[in-house]
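Structural features, examined
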Amino acid sequence: VSPYVTDRMEYITVATLGNATDAGNLLDQLSQGMCASGNTRGSVMGGITRDSDDGYIRYAYQAVDYHEFHTSNNASDFGDLSQQSYLGAGLASETRWVCKNGHRYTSAGGNEHHINMDFFTVDTTGNASDFGDCAGRTQYLGGMADGTRGEWWGGKDTSGAQGSDVDSISYITIA
């Protein structure tokens with residue numbers, strides 16, 4: 001069924017070689033969400049899901065699921081993004097998750113490309129707060145951080161149906 005979505009979470013122990021182990025389930029079946037992690041919690045922010053009546057219709061997801069790393073329990077509801085979004089990227093410090101929203105498709109308006117960033121305080125649940133705007137509208141990008149500085153790498157711009165490759169790196173100070 002297109003798009004491929006799943007509610008499965010798996011974990012590995014980084015210090016040892018081996019296969020992944022079941023870590024529980026997300027609250028909904030998702031694909032193309034933005035992920036971030038702190039020291040104790042990980043999150044899936046947004047993504048796409050499918051209509052239960054028609055497996056081929058994609059819907060952008062606004063919810064944020066989180067999981068406590070020391071457990072193998074199902075995810076819990078953390079809050080919501082400022083808007084429905086997928087194809088963005090997440091990054092984190094020990095205390096804050098930041099999400100660069102990608103875009104969403106609407107049957108009425110086509111693709112809506114987002115320029116904004118949302119942030120969450122890792123230790124408390126709740127909805128997104130505004131972090132600011134990115135230098136450009138991109139999707140399919142990568143996000144990474146060293147705990148202080150976060151960077152968004154590459155992706156595709158919003159020109160044409162699929163966009164053109166982007167070779168730029170932008171950065172934020174997470175604190």
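Scope of this entry: the structure provided in the associated data block. (Residues numbered from 1 in each chain as written. Predicted model: local features only at pLDDT ≥ 70, side-chain atom pairs only at ≥ 80, totals over all residues. Heavy atoms only, no water.)

Some remarks on the sheet that holds strand β17 (residues 169-173)
Across the sheet, three strands lie side by side as β15-β16-β17; this open sheet has antiparallel pairing. Looking at the sheet topology across the chains shown, the edges are occupied by β15 (142-145) and β17. Going across the sheet, the axis of each strand differs from the next one's by a mean of 20°, ignoring polarity. As defined by bridge partners, β15 adjoins strand β16 (residues 149-153) across four bridges and the pair is classed as antiparallel. Bridging across to β16, G142 finds its partner in W153. (Pairing = 2+ DSSP bridges. Helix = DSSP H or I, 4+ residues; strand = E, 2+ residues; numbered from the N terminus. Axes fitted to C-alpha atoms, helices over the stretch in contact; angles between N-to-C directions.)

Here's the deal with unusual backbone geometry
Backbone geometry places Q32, a non-glycine residue, at a positive phi of 60°. Even without being a glycine, L87 presents a positive backbone phi close to 70°. Relative to the elements of secondary structure, L87 occurs in the loop between β8 (76-80) and β9 (89-92). Owing to a relative accessible area of 8%, L87 belongs among the buried residues under this scheme. (Buried < 20%, exposed > 50% of the residue type's maximum accessible area, 1.4 Å probe, protein only.)

Here we look at the state of the cysteines
For the coordinates displayed, the defined rule picks out zero disulfides. In this structure C35 is a free cysteine whose sulfur lies 9.7 Å from that of C99, the closest cysteine sulfur available. Between C134, a cysteine without a disulfide, and C99, which holds the nearest cysteine sulfur, the sulfur-to-sulfur distance is 9.4 Å. (Disulfide = S-S within 2.5 Å.)

Side note on the environment of S170
With respect to the helices, strands and loops of the structure, S170 is situated in strand β17. A relative accessible area of 28% means that S170 is categorised as partly exposed. Sequence separation between S170 and C134 is 36 residues, and the spatial gap between their C-alpha atoms is 8.0 Å. Discounting residues that sit within four places of it in the chain, S170 has contacts with G150, E151 and W152. (Contact = heavy atoms within 4.5 Å.)

Topic: the side chain of N116
Assignment of secondary structure puts N116 in strand β13 (residues 116-121). Here Q83 takes part through its side chain, which lies 2.4 Å from a polar atom of the side chain of N116. With sequence-adjacent residues up to four places away left out, N116 is seen in contact with S82, Q83, C99, K100, N101, G132 and D133. (Polar contact = N/O pair within 3.5 Å; in protein donor to acceptor, adjacent residues only side chain to side chain.)

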